[in-house]
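Architecture at a glance
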Protein chains: 2
Amino acid sequence: MPAIPTPTPDTQQAIRRRNLARVLRTVAAQGPLSRAAVAGRIGLTRAGVAPLVEELLRAGLLVETGRAAPSGRGRPGSELAVSAHGPAGLGAEIGVDHLAVCAVDLRGRVRARVAADAANRQSEPGPVLRRLSALLAEVIARIGAEGLRPAGLAVAVPGLVARGSTTVVHAPNLGWRAADLAPGLVSVAAPGHILDGLPLTVENEANLGALAELRLGGDGAELPGPPPDFVHVSAEVGIGAAVVVDGRLLRGARGFAGELGHVPVYPDGRRCECGGRGCLELYAGEQAVLRAGGITPEGAAAHPGPGARAALLARRAADGDAATVRALGEAGTALGIALAGAVNLLDPQAVVLGGALAELAPWVLPSLERELALRTAVAADPSRGGGPRVAVSRLGADGPLLGAAHAALQAVLDDPLDFRAPAHSPRG
Amino acid sequence: MPAIPTPTPDTQQAIRRRNLARVLRTVAAQGPLSRAAVAGRIGLTRAGVAPLVEELLRAGLLVETGRAAPSGRGRPGSELAVSAHGPAGLGAEIGVDHLAVCAVDLRGRVRARVAADAANRQSEPGPVLRRLSALLAEVIARIGAEGLRPAGLAVAVPGLVARGSTTVVHAPNLGWRAADLAPGLVSVAAPGHILDGLPLTVENEANLGALAELRLGGDGAELPGPPPDFVHVSAEVGIGAAVVVDGRLLRGARGFAGELGHVPVYPDGRRCECGGRGCLELYAGEQAVLRAGGITPEGAAAHPGPGARAALLARRAADGDAATVRALGEAGTALGIALAGAVNLLDPQAVVLGGALAELAPWVLPSLERELALRTAVAADPSRGGGPRVAVSRLGADGPLLGAAHAALQAVLDDPLDFRAPAHSPRG
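The rules behind each value
- Residues numbered from 1 in each chain as written.
- Chains lettered and ligands numbered in written order.
- Predicted model: local features only at pLDDT ≥ 70, side-chain atom pairs only at ≥ 80, totals over all residues.
- Heavy atoms only, no water.
- UniProt positions renumbered as here; feature names shortened; annotations may be inferred.
- Phe/Tyr/Trp six-rings, centres within 6.5 Å; stacked < 30°, edge-to-face > 60°.
- Helix = DSSP H or I, 4+ residues; strand = E, 2+ residues; numbered from the N terminus.
- Axes fitted to C-alpha atoms, helices over the stretch in contact; angles between N-to-C directions.
- Parallel < 35°, antiparallel > 145°, perpendicular 65-115°, else oblique.
- Contact = heavy atoms within 4.5 Å.
- Nonpolar A, V, L, I, M, F, W, Y, C, P; charged D, E, K, R; others polar.
- Salt bridge = Lys/Arg side-chain N within 4 Å of Asp/Glu carboxyl O.
- Buried < 20%, exposed > 50% of the residue type's maximum accessible area, 1.4 Å probe, protein only.
- 1 Å grid on protein atoms, 1.4 Å probe; cavity = no way out; pocket = protein on both sides within 12 Å on 5 of 7 lines; lining within 4 Å.
- Points joined across faces, edges and corners; volume = space filled by probe spheres on them.
- Domains from an automatic or database assignment.
- Patch = residues over 30% accessible without salt bridge, like charges linked within 9 Å, V, L, I, M, F, W, Y side chains within 5 Å.
- Areas by Shrake-Rupley, 256 points an atom, 1.4 Å probe, with all protein chains shown as cover.
- Lys, Arg positive; Asp, Glu negative; His and termini not counted.
- Charge placed at Lys NZ, Arg CZ, Asp CG, Glu CD.
- Pairing = 2+ DSSP bridges.

The name that an unreviewed UniProt entry assigns to chain A is ROK family protein, with the source organism given as Streptomyces sirii. Looking at chain A in UniProt, the text filed under Sequence similarities (unreviewed entry) is "Belongs to the ROK (NagC/XylR) family."

All names here are of chain A. By the definition in use, this model includes two aromatic pairs over all chains. Taken together, a centroid distance of 4.8 Å and an interplanar angle of 80° make the contact between Y266 and Y283 edge-to-face. Residue Y266 is found in the loop between β13 (248-250) and α7 (281-284), and its partner Y283 is found in helix α7; the two are separated by 17 residues along the sequence.

What follows deals with the packing of helix α6 (residues 205-216) of chain B against helix α13 (residues 399-414) of chain B. Residue and element names in this part refer to chain B. Contact geometry of α6 with α13 gives a least axis separation of 7 Å together with a crossing angle of 75°. By the angle class used here, α6 and α13 are roughly perpendicular. Note on element contacts: α13 touches α6 through G399, P400, L402, G403, A404, H406, A407 and Q410, opposite E205, L208, G209, L211, A212, R215 and L216. Per-class residue counts for the contact of α6 with α13 are eight nonpolar, five polar and two charged.

Here we take up the pattern of salt bridges. Residues and elements named next belong to chain A. This model, assessed by the stated rule, comprises 32 salt bridges over all chains. Notably, a salt bridge pairs D414 with R25, separated by 3.1 Å at the nearest N-O pair. Here D414, found in helix α13 (residues 399-414), pairs with R25, found in helix α1 (residues 12-30); they are 389 residues apart in sequence, far enough to count as distant. Residue class for R25 comes out partly exposed when judged on its relative accessible area of 34%. Across the pair R316 and D321 runs a salt bridge whose closest N-O atoms are separated by 3.6 Å. Through salt bridges with shared partners, a single network forms among D105, R109, R111 and E146.

As a further point, take empty space enclosed by the protein. All names here are of chain A. Following the criterion strictly, the structure yields twelve cavities of 30 Å³ or more and no others. Approximately 160 Å³ is the volume found for the largest cavity. Together, 14 residues line the largest cavity, and P158, G159, I239, E259 and E281 are the ones closest to its centre. A per-class count over the lining of the largest cavity returns four nonpolar, seven polar and three charged. Structurally, the lining of the largest cavity is a two-domain feature, drawing no fewer than three residues from each of domain 2 (88-207 + 401-420) and domain 3 (227-393).

Our next topic: unusual backbone geometry. All names here are of chain A. Cis geometry is found at the peptide bond from G31 to P32, where omega equals -5°. In this fold, P32 is placed in the loop between α1 and α2 (35-42). The phi angle at D246 is positive, at roughly 50°, despite the residue not being glycine. The topology assignment puts D246 in the loop between β12 (239-245) and β13. The exposure class assigned to D246 is partly exposed, which follows from its relative accessible area of 45%. With a phi angle near 50°, D347 is a residue other than glycine that sits in the positive phi range.

Before going further, it helps to spend a moment on a positive patch on the surface. Among the surface-exposed residues, R163(A), R248(A), R163(B) and R248(B) lie close enough to one another that they form a single positively charged patch. Here R248(A) lies in strand β13.

Residues and elements named next belong to chain B. What helix α10 (residues 308-318) keeps buried is the set A308, R309, A310, L312, L313, A314 and A317. Buried positions along α10 lie against α8 (286-292), α9 (297-301), α11 (322-346) and α12 (356-375). G320 sits one or two positions beyond α10 and adopts a positive phi of about 85°.

Walk down a regular strand and you will see the side chains alternate between the two sheet faces. Residue and element names in this part refer to chain B. Burial analysis of strand β3 (residues 87-94) places eight of its eight residues in the buried class, the great majority of the element. In β3, alternate side chains face the same way, and those of P87, G89, G91 and E93 on one face and A88, L90, A92 and I94 on the other are all buried. Note that β3 and strand β4 (residues 98-105) share seven bridges and pair antiparallel. Paired with E93 across the bridge in β4 is A100. Between β3 and β4, which pair antiparallel in sequence order, lie three residues.

Here we take up the sheet that holds strand β5 (residues 110-117) of chain B. All names here are of chain B. In spatial order, the strands read β5-β4-β3-β6-β10; together these five strands make up an open sheet with mixed pairing. With partners counted over all chains shown, the strands left at the sheet margins are β5 and β10 (200-204), one partner each. Adjacent strand axes in the sheet meet at a mean angle of 15° when their direction is disregarded. In this sheet, β5 lies alongside β4 in antiparallel orientation, the contact comprising seven bridges. Residue pairing in the sheet places V101 in a bridge with V114 of β5. Sitting on the sheet, α13 touches β3, β4, β5 and β6 (149-157), and the angle it makes with β3 is about 145°.

This is the structure:
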């Protein structure tokens, strides 16, 4: 007879932690709010909410605005807001030719940001992580002066990350394989090992771009964001995508979902470095577009840094350069073919263009939308508005970095008590 | 100030219903089991389980096997099993050239099954549903004689079904558009309107094939089934797919996910009826393979019914007919290209070939696997076993029909009390 396992009921402690998180998330998303309004939105009584609010105030996660809440029944109180001086999420980005770090507070404001050009193509992780650590130390010092303390770090990389790990399995444009970023970031970290013990997440940049879109996106207003089912395409040097289903990232069995850049578009086409043929990246990736637009490698190298080459292409296209306009149109065609496959498979509500594609949308979109409409007609149901809409991200090249910072902060929102305990013991 | 909504706690009744479902599902999946074993597996005490078991026995959903349970502590009791005479799930399949109906009991056994050839290509729904209703009446009568009562009906169709509805939005090979199957099935139903009030689900056949794979699949053993992340490809006349993530079907925003047949494979290729160009179905669909294999439409028409033309192709290929072998190889190439896109996007653990593809696997697989390996190398992580494995369904052409019957039964397993109340009032 099998052993009878002990049931594991929700402990009081677990329920309290969950309710603390609900209070904090509600105020973060909708504050400032009165205690009564918080209680109402999460379906607890005012008496039930009061001790939770007190605990979050003591932990420095909530503050009273000092402004009296609009009075309902009972004693009026000050409105509650999330603290601008509590935890900060650190986001970092390792690009092919740049590094960037930013810090976002609970109110969602960017409190510090540094970036640097870098020659990371075909590099070794060690030196890159040392430079990144220096940028992190700078940002941590800046926000420390304003009373903010890092709650976690998320690093965006242009490559495949093993699910639930800090290991970059393959980042073709960096030339990295099987690189665990955790030891490098901790051992070389800034004075006092300030990163030691800090929760670390490593994530594909397109996934973080999609998270930023979920958190901050939408058509002009902060809220509502994009629909809960969308495919987010981002392009920097390579092309990546993220698939969001019911408001959650689809990561894939190994964490490798979203490799749109290597979806075959012209299967008998050119050889790709990945070993395949006719991959999307060969027709819509940055190098392909620069080449087709008549821009020499030397000309491109004169524009390093995030978004610089996209800006160059946009300028040339806006000036009416025929080769650039044609190159961007052909990239749109290839994107439309690859996305038609994705739409037929996934039936999303929207396709969102982010990263460099956002800036280049005026020249990429027409051919992209034409191909998409042509090749998804079987699923176009006029009574339901046809196929998915194609939207352009307002975040552009900032998406992955902002998404990283917000992802790092999410742990606090999910379990506020965890942050109250210092994330690392002071040293040095 | 916003109104304070009343919290909606779990009622005792809701908890009891959920626990009844847990008991029933546990016995269905793992029975026969003693009461103590059931209690152990769902984390309740024996005293907590006893009244639930009694209620399920009274409802005729559980039975005592009469065999004494291996005694642990306490009074020994008879082992429990799900009833072979309670509810049955009805599955129906509307194919391009056949109709089929089956009934499956709680033990997962097929208790009745009828099928008929039919000329459903470019048909009207009305006459097709009348024929289907007659087959349903026959199956219901047969299982009624054995003490089984239909608990629900699920209908598999080769087309797009609007999510959560009974409406076929578009079934190109049937020629149906915006066809709600519910009125047709109920109003023309067999004597006594036996289908009236019966829970009805209409679902894409590939989705139901994937559900069958989840429930009954696996590599030779009944359990364990396939991994929780897989892409299921099924081919009859058309080609469809279903995407399973974390053990659940990914349906898409409108319910249209899985349209693998219209993923562009050779984007400058032939025009497709869907309006696109170079869709997979033009190279790996049944008509394409028959034509490339040198089989005339007249020759094909002499082999109607589910699986008959696949069997014809398999026979010719086994006999070494060069045109057929080449046609199947080219179909495999096209499938491999389309699936490479899907694998790059979704990173599943496995690709499962079902429907007619299962029988044709010996001739389709080599080129399919070659293309897939070539075009997913960027995500192939040797330390994790490379890309996804390609498996062949053991269910073959039976998948969608069996999946439908199991889907219809799922409602009973999810909420046993609902079934106890007669699903329809007797008439006529």
